[in-house]
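Listed below are the residues making up each chain.
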Amino acid sequence: MVKEKSIKNILFVQDSSPCIRTIKLAAALQSKGLNIYLAHRDKTPDEVYGLGNSAFRSLTRLPKYKFKDIRIIRRLIDERNIDLVHFSNEPDELGARLIKANLKIPVIYDQHDFLSFKKKLSAKKRKQEQICNEEADGTVYITESYKKEVGKYYALIKNSICFANYFSADNVLKADEFLPKLSAKDGKKHLVYLGRITEYNNDHRNIVGVLRRIADEKIMIHIYPSKNKKYMQYNRIPNVVVHENLPYRRLIQQISQYDFGLTVFNDEVASKLPHIRYAMGNKSYDYLCAGLPILAQESLDEVREFTLKNHFGFVLEERQNYIDISPEEYSGLVEHIIRKRMQFSMESQIERLIGFYTGTKKEFDSRI
């Protein structure tokens, strides 16, 4: 339980279906005794991921007509005695409106999907993004390098914290849950990729070219896409298998039968995109949950440095490191991951965020 915290009730707001980051944050905060409420658009966590509703004391679906949003959120703040609002971005419109609404409590802006990295924004959307990054009571970024890139666009506020997409401790496989390795049966290396893939040209998630360069008679690649489609281009690549999408907890166990987890994008595109190079997404943490070493693309600065610094895997392009690894070396690597990974769980990191909330509220209260 949280002792003598100046905050107790937090309202998460997302102008979309809640993302997995929101769910993981809420579950970790709840584990520390805080009451977490959610106001969201579209689907509930359970409808999107098959889990997550239980991380919140209540869920309020925002209506189609957005002019009611602020009124609904004000009512929730009063009824639930909310101490602080945590807004997760993309889109930014509602976040900007909350910051300008004078809610009498702090508004935290969680910037993990910076739209100006992706496309040219209209003047209206650019203004909304500016308000969120420059006028919130506190800001959250996923990595220092990501924050630095955002700082090239806006005058960032000082009250800020970097907080990554850590994994939930509940999703870590226990010793008796690991599946036997397929490589022990056929002598091949089995790699796995989790997440969205496309077949559109010039899309950073079109990894057809990357997989063609990797897959051969020594390497099998397994893909678990976020959506079930035909993926004809992927299915035509020799030694690549596209599997059905699975519920999250079952997915983590399923991938434990493979040898390495792939964190890759279309390199020709991704190497030019700050929101890819400097981000630290969910899939690398998912691999750690399954006890899998990571193969990180050279051009992905944050993932590469995280992987090498913590000795959690290898650079994908340095093929000999994982192709020629001995059984003893591989077992030692997996044991190291299992021993060290819990420091990157949401639960082990969440006190940093609670401290940030507390300091933000204290500063806010001193101004009113």
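What counts, and where the lines are drawn
- Residues numbered from 1 in each chain as written.
- Predicted model: local features only at pLDDT ≥ 70, side-chain atom pairs only at ≥ 80, totals over all residues.
- Heavy atoms only, no water.
- Phe/Tyr/Trp six-rings, centres within 6.5 Å; stacked < 30°, edge-to-face > 60°.
- Helix = DSSP H or I, 4+ residues; strand = E, 2+ residues; numbered from the N terminus.
- Buried < 20%, exposed > 50% of the residue type's maximum accessible area, 1.4 Å probe, protein only.
- Pairing = 2+ DSSP bridges.
- Axes fitted to C-alpha atoms, helices over the stretch in contact; angles between N-to-C directions.

(A) Summary view of the packing of aromatic side chains. Applying the stated criterion across every chain, the model contains 19 aromatic pairs. Measuring from ring centre to ring centre gives 5.8 Å for Phe312 and Phe344, while their planes differ by 85°; the resulting arrangement is edge-to-face. Of the two residues, Phe312 sits in the loop between α14 (301-309) and β13 (313-315) while Phe344 sits in the loop between α16 (327-340) and α17 (346-367), which places them 32 residues apart along the sequence. Residue Phe312 shares its accessibility class with Phe344, and that shared class is buried. Pairwise contacts between aromatic rings join Phe163, Tyr166, Phe167, Tyr285, Phe306, Phe312 and Phe344 into one cluster.

(B) Here's a closer look at the sheet that holds strand β7 (residues 160-162). Taken together, the seven strands give an open sheet; going across it, the order is β3-β2-β1-β4-β5-β6-β7, and neighbouring strands pair in parallel fashion. Strands at the two margins of the open sheet, each flanked by one partner only, are β3 (58-61) and β7. Along the sheet, successive strands turn relative to each other by an average axial angle of 20°, direction set aside. Direction of pairing for strand β5 (residues 107-111) relative to strand β6 (residues 138-141): parallel, over a ladder of four bridges. Looking at the pairing, Ile108 lines up with Gly138 of β6.

Limitation: the analysis is restricted to geometry and does not speak to function.
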